[in-house]
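The residues making up each chain are set out below.
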Amino acid sequence: MGARLMKLLADDDPAVFTVEHEQGTSPYFITCDHGGRCLPRRLGKLGLPDSEVQRHIAWDIGASAVSRRIGDGLDAFTIHQNYSRLAIDCNRDPGVESSIATISELTAIPGNRGLGAAEREARAN
């Protein structure tokens, strides 16, 4: 399957991001990366037990709640990433190997090993 044809998210997977206060009156905007721990159904749990997906390796615990409170208090446009950094780290150039972690905090991520170009591009998209 060509890289352009590979689709990672199913139509009923959660949205990639959530926007709040889209018409907010604040001159500031709030962005929260690593705030979610969703994984596309197609990826399963990346070979990890549920307990690992609950840990910091998958998300910044509490970051989304904090950004929501700030956005609510300021009436500021707020955008939250809903997916786990284990699918792809949005803070890294998707072209670098480390954008899809094979090890996080000494924990091996089996579902991220040996990915081909099409699989990496699907995650970036």
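Look a little higher up for the structure.
Source: prediction; values computed, not measured.

(A) The arrangement of the overall build of the protein in detail. The helix and strand tally for the protein stands at three helices and five strands. Overall, the protein is about 45 × 30 × 30 Å in size when its C-alpha atoms are taken along their principal axes. Of all 125 residues assigned to the protein, the portion counted as buried reaches 37%. Sequence-distant contacts in the protein: of pairs separated by 6 or more residues, those separated by 24 or more amount to 74%. With an accessible surface of roughly 7,400 Å², the protein has 55% of that area assigned to carbon and sulfur atoms. Of the charged side chains in the protein, 14 are positive and 17 negative, and the gap between their average positions amounts to 5 Å.

(B) Representation of the sheet that holds strand 2 (residues 29-32) in the model. With mixed pairing, the three strands of this open sheet are ordered in space as 1-3-2. The outermost strands of the open sheet, each flanked by one partner alone, are strand 1 (17-20) and strand 2. Shown here is a sheet whose adjacent strand axes are inclined to one another by a mean of 10°, direction ignored. Where strand 2 and strand 3 (residues 77-81) come together, four bridges link them in parallel fashion. Along strand 3, the bridge assignment pairs Cys32 with His80. Running at roughly 170° to strand 2, helix 2 (residues 63-74) makes contact with strand 1, strand 2 and strand 3 of the sheet.

(C) The pattern of salt bridges, seen in detail. Going through the model one piece at a time under the given rule, you end up with eight salt bridges. One salt bridge in this structure joins Arg68 and Glu20, with 2.7 Å as the shortest N-O distance. Taken as a pair, Arg68 in helix 2 and Glu20 in strand 1 lie far apart in primary sequence, 48 residues in all. Judged by relative accessible area, Arg68 falls into the partly exposed class, the value being 27%. In this structure, Glu52 and Arg55 form a salt bridge, with 2.4 Å as the shortest nitrogen-oxygen distance. Assessed through its relative accessible area of 19%, Glu52 is described here as buried. For Arg55, a relative accessible area of 28% gives the class partly exposed. Overlapping salt bridges bring together Glu52, Arg55 and Glu105 as one network.

(D) Region of the structure containing the environment of Ala15. On the secondary structure map, Ala15 appears in the segment before strand 1. By relative accessible area, which is 46% here, Ala15 ends up partly exposed. Taking the C-alpha atoms as reference, Ala15 lies 7.0 Å from Asn82; in sequence the two are 67 residues apart. Once residues within four sequence positions are removed from consideration, Ala15 is found in contact with Asn82 and Tyr83.

(E) Seen up close, the nonpolar core. Counting 15 residues, the largest nonpolar core has Leu46, Leu48, Leu86 and Ile109 as the members making the most contacts within it. Dropping the residues within four chain positions of it, Leu46 is found in contact with Leu39, Leu86, Ala87, Ile109, Pro110, Gly111, Asn112 and Arg123.

Calculation rules
Residues numbered from 1 in each chain as written. Predicted model: local features only at pLDDT ≥ 70, side-chain atom pairs only at ≥ 80, totals over all residues. Heavy atoms only, no water. Helix = DSSP H or I, 4+ residues; strand = E, 2+ residues; numbered from the N terminus. Buried < 20%, exposed > 50% of the residue type's maximum accessible area, 1.4 Å probe, protein only. Contact = heavy atoms within 4.5 Å. Areas by Shrake-Rupley, 256 points an atom, 1.4 Å probe, with all protein chains shown as cover. Lys, Arg positive; Asp, Glu negative; His and termini not counted. Charge placed at Lys NZ, Arg CZ, Asp CG, Glu CD. Pairing = 2+ DSSP bridges. Axes fitted to C-alpha atoms, helices over the stretch in contact; angles between N-to-C directions. Salt bridge = Lys/Arg side-chain N within 4 Å of Asp/Glu carboxyl O. Core = buried A, V, L, I, M, F, W, Y, C linked by side-chain atoms within 4.5 Å.

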